[in-house]
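One-letter residues, chain by chain:
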Amino acid sequence: MYFTVNEFILFGLTQDPRKQKAIFGVFLMLYLATLLGNFLIVVTIKRSRTLGSPMYFFLFYLSFTDACLSTTIIPRLIVDAISQRKTISYNECMTQVFSAHFFGCMEIFVLIVMAFDRYVAICKPLRYTTIMNRHVCSVLVILGWVGSCIHSSAQIVLALRLPFCGPNVIDHYFCDLQPLLKLACMDTYVINLLVVSNSGAICTVSFIILLISYVIILYSLRNYSAEGRRKALSTCTSHFIVVVLFFGPCIFIYTRPATTFPVDKVVAVFYTIGAPLLNPLIYTLRNAEVKNAMKKLWCNKV
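A quick note: this is a predicted structure, and the numbers were derived from the prediction, not measured. Each residue is numbered by its place in its chain's sequence as written, counting from 1. With the structure being a predicted model, the display of local features is reserved for residues of pLDDT at least 70 and the display and counting of side-chain atom pairs for 80 or more, all residues being used for whole-chain, interface and lining totals. Side-chain numbers here rest on the full set of heavy atoms in the structure, without hydrogens or water.

1. Some points on helix H3 (residues 90-123)
Just so we agree on the cut-off: Note on conventions: DSSP H or I runs of at least 4 residues are helices, E runs of at least 2 residues are strands, and numbering of each starts at the N terminus. The span you would expect from a helix comes to 1.5 Å times its residue count less one. Classification of residues uses two cut-offs on accessible area relative to the type maximum, computed with a 1.4 Å probe and protein chains only: under 20% is buried, over 50% is exposed, and between them is partly exposed.
Under the 1.5 Å per step criterion, the end-to-end length of H3 is 49 Å for 34 residues, consistent within 8% with the ideal 50 Å. The buried fraction of H3 amounts to 25 of the 34 residues, a majority that puts the element mostly inside the structure.

2. Overview of the environment of Asn 38
We count it as follows: Any two residues having at least one pair of non-hydrogen atoms within 4.5 Å are treated as being in contact. The definition of a polar contact used here is a pair of N or O atoms within 3.5 Å, where within protein one atom must be able to donate a hydrogen and the other to accept one, and adjacent residues in sequence count solely through side-chain atom pairs.
By the secondary structure assignment, Asn 38 is in helix H1 (residues 17-47). On the basis of relative accessibility, which here comes to 1%, the residue Asn 38 falls in the buried class. A sequence separation of 23 residues divides Asn 38 from Tyr 61, and the C-alpha atoms of the two residues are 9.9 Å apart. With near-sequence residues (within four places) excluded, Asn 38 lies in contact with Ser 63, Asp 66, Ala 67, Pro 276 and Pro 280. Side-chain polar atoms of Asn 38 contact the backbone oxygen of Pro 276, separated by 3.1 Å.

3. Let's talk about the pairing of strand E1 (residues 7-10)
Test applied: In this analysis, strands are considered paired if DSSP registers two or more bridges between them.
Side-chain alternation along E1 places Phe 8 and Leu 10 on a buried face and Glu 7 and Ile 9 on a face that remains uncovered. Strand direction decides the pairing type here: E1 and strand E2 (residues 87-89), joined by three bridges, are antiparallel. The residue bridging Ile 9 from the neighbouring strand is Thr 87, located in E2. Sheet topology note: the E1/strand E3 (residues 169-170) ladder contains two bridges and is parallel. Within E3, the residue paired with Leu 10 across the bridge is Ile 170.

4. Considering the UniProt feature "transmembrane region" (unreviewed entry) in the protein
As a reminder of what qualifies: UniProt positions are given in the numbering used here, feature names are shortened, and annotations may be inferred rather than shown by experiment.
According to UniProt, the feature "transmembrane region" (unreviewed entry) maps to residues 22-43, 55-78, 98-116, 136-158, 199-221, 233-254 and 266-285 in the numbering used here. Between the first and last C-alpha atoms of residues 136-158 the distance is 33 Å; the span itself is 100% helix and 0% strand. Helix and strand shares over residues 199-221 are 96% and 0% respectively, and the end C-alpha atoms of the span are 33 Å apart.

Given below as structure tokens:
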């Protein structure tokens with residue numbers, strides 16, 4: 001494919017030198033906290049014998065995906081905040097597009113599977129262990145990886161078809177299709193429609209499916225005791241907070257025409273940085289089993 005641009009310049013969150021120093025310090029701490037929180041969950045679930053249910057099996061992959069998603073994006077933002085020349089090579093940029101969509105899509109699949117797990121646990125408790133056995137859980141995760149690979153492959157094919165022959169400044173803090181479409185030396189109307197029908201449709205349809213599952217779950221809780229409703233609602237509330245934090249910004253970014261707004265970068269922070277950071281906090285602070293398993297495992301280690 002012919003192109004004349006061999007590297008891009010990432011504009012970042014801001015060009016103010018003082019704000020860039022603040023961004024370096026703040027996002028470095030956020031990144032380390034994200035890695036630490038998700039690492040603790042991954043190791044705790046892997047080593048603990050009490051966290052063997054399907055819910056924690058999927059939580060393991062959610063935390064692993066969060067760590068990978070944040071590692072795909074935040075280190076570049078941190079380095080660029082203290083660099084004079086914020087360049088990223090063409091190949092690196094395409095790799096970031098693929099990786100961000102791969103792990104982002106995997107997070108969507110895991111959240112859907114976790115909602116399905118909660119639906120079976122609450123609506124079909126007597127058949128739960130039969131339906132959500134280890135083989136079924138493993139197959140669902142494998143399907144998630146395969147589906148994520150298909151989605152991200154479609155995205156990178158669209159990105160590789162874009163010719164770049166003029167401006168190379170990306171008004172964003174990471175490479176994504178929307179800001180790249182603005183730099184392409186071609187009519188991007190059709191490609192933008194494909195992006196919306198791919199990423200936008202996945203985000204919107206997944207969010208609708210999750211909302212329907214919560215409505216069904218809430219309807220089913222009417223037959224539970226007060227204690228049973230409280231416990232079920234506690235679990236579902238945690239999951240719903242994660243879903244809103246992740247899907248809200250994604251739908252805002254990927255379901256509209258090829259236009260960019262100044263607020264886009266701030267909105268993107270919620271699903272690329274905020275969600276991976278808040279997931280371990282939400283699932284540990286609101287889950288007594290995880291907290292007890294962590295105390296038992298890590299206190300014994302100390």
